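# Observations on the three-dimensional arrangement
One-letter residues, chain by chain:
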Amino acid sequence: MNINVDGLNIEYTEKGTGAPILMLHGWGSSCEVYTGFINTLKNRCRLVAPDFPGCGKSDTMAEPWDLQKYCDFVLKFMAAVGLENPIMMGHSHGGRVALSLMCKKLLSVNKAVLFDSAGIVAKKPLKTKIKIKKLKNLNS
């Protein structure tokens, strides 16, 4: 399936009916990584898995995106396909996007399933950065 989100043609897979599950893939991957889950759960749930922009068969964005732009994309994609209050499923980068959406309370979800999820890196104070740099120099 294909849908336009902010001028980008986004490829996605949607199967089944019932409880909605949004499946976000990892960096440089595609929604095809969820084929096994989709085939297993399609008789019980509504499974929606987009290719992030620049991945799979989706258009590539004009410039690199930060985490917030990926979050904005997910919210716009959900609105475009009529997806509300999904269970979040995320692998690696997709897990990072899901975590960010939930932590910033941009998306309210009851359940999340994360696989080998990338985290959200906390900002370190200057004192900590200097300490880390000194320790790295000692070990080299």
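For the structure given in this document, a descriptive report is provided here. (Residues numbered from 1 in each chain as written. Predicted model: local features only at pLDDT ≥ 70, side-chain atom pairs only at ≥ 80, totals over all residues. Heavy atoms only, no water.)

On to helix α3 (residues 93–103), then. Those residues of α3 that fall on the buried side of the exposure criterion are His93, Gly94, Gly95, Val97, Ala98, Ser100 and Leu101. Turning to α3, the residues buried within the fold contact β3 (19–24), α2 (67–81), β5 (87–91) and β6 (112–115). Following α3 by one or two positions, Lys105 adopts a phi angle in the positive range, close to 55°. (Buried < 20%, exposed > 50% of the residue type's maximum accessible area, 1.4 Å probe, protein only. Helix = DSSP H or I, 4+ residues; strand = E, 2+ residues; numbered from the N terminus. Contact = heavy atoms within 4.5 Å.)

This part covers the nonpolar core. Counting 25 residues, the largest nonpolar core has Leu22, Leu24, Phe52, Val74, Phe77, Met88 and Val97 as its most contacted members. When contributions to this core are tallied by element, the ones reaching two or more residues are β1 (2–5), β2 (8–15), β3, α2 and α3. Sort the elements by how many residues they give to this core and α2 lands first, with 7 residues. Each residue touching Val74, except ones within four places of it in the same chain, is listed here: Leu22, Leu24, Phe52, Val97 and Leu101. Grouped together as the second largest cluster of nonpolar side chains are 10 residues, Cys31, Leu41, Leu47 and Ala49 included. (Core = buried A, V, L, I, M, F, W, Y, C linked by side-chain atoms within 4.5 Å.)

The next subject is the sheet that holds β5. The 6 strands lie next to each other as β1-β2-β4-β3-β5-β6, forming an open sheet whose pairing is mixed. Of all strands in the sheet, those bounded by a partner on one side alone are β1 and β6. When strand polarity is set aside, the average angle formed by the axes of neighbouring strands in this sheet is 25°. Examined bridge by bridge, β1 and β2 share 4 bridges and lie antiparallel to one another. (Pairing = 2+ DSSP bridges. Axes fitted to C-alpha atoms, helices over the stretch in contact; angles between N-to-C directions.)

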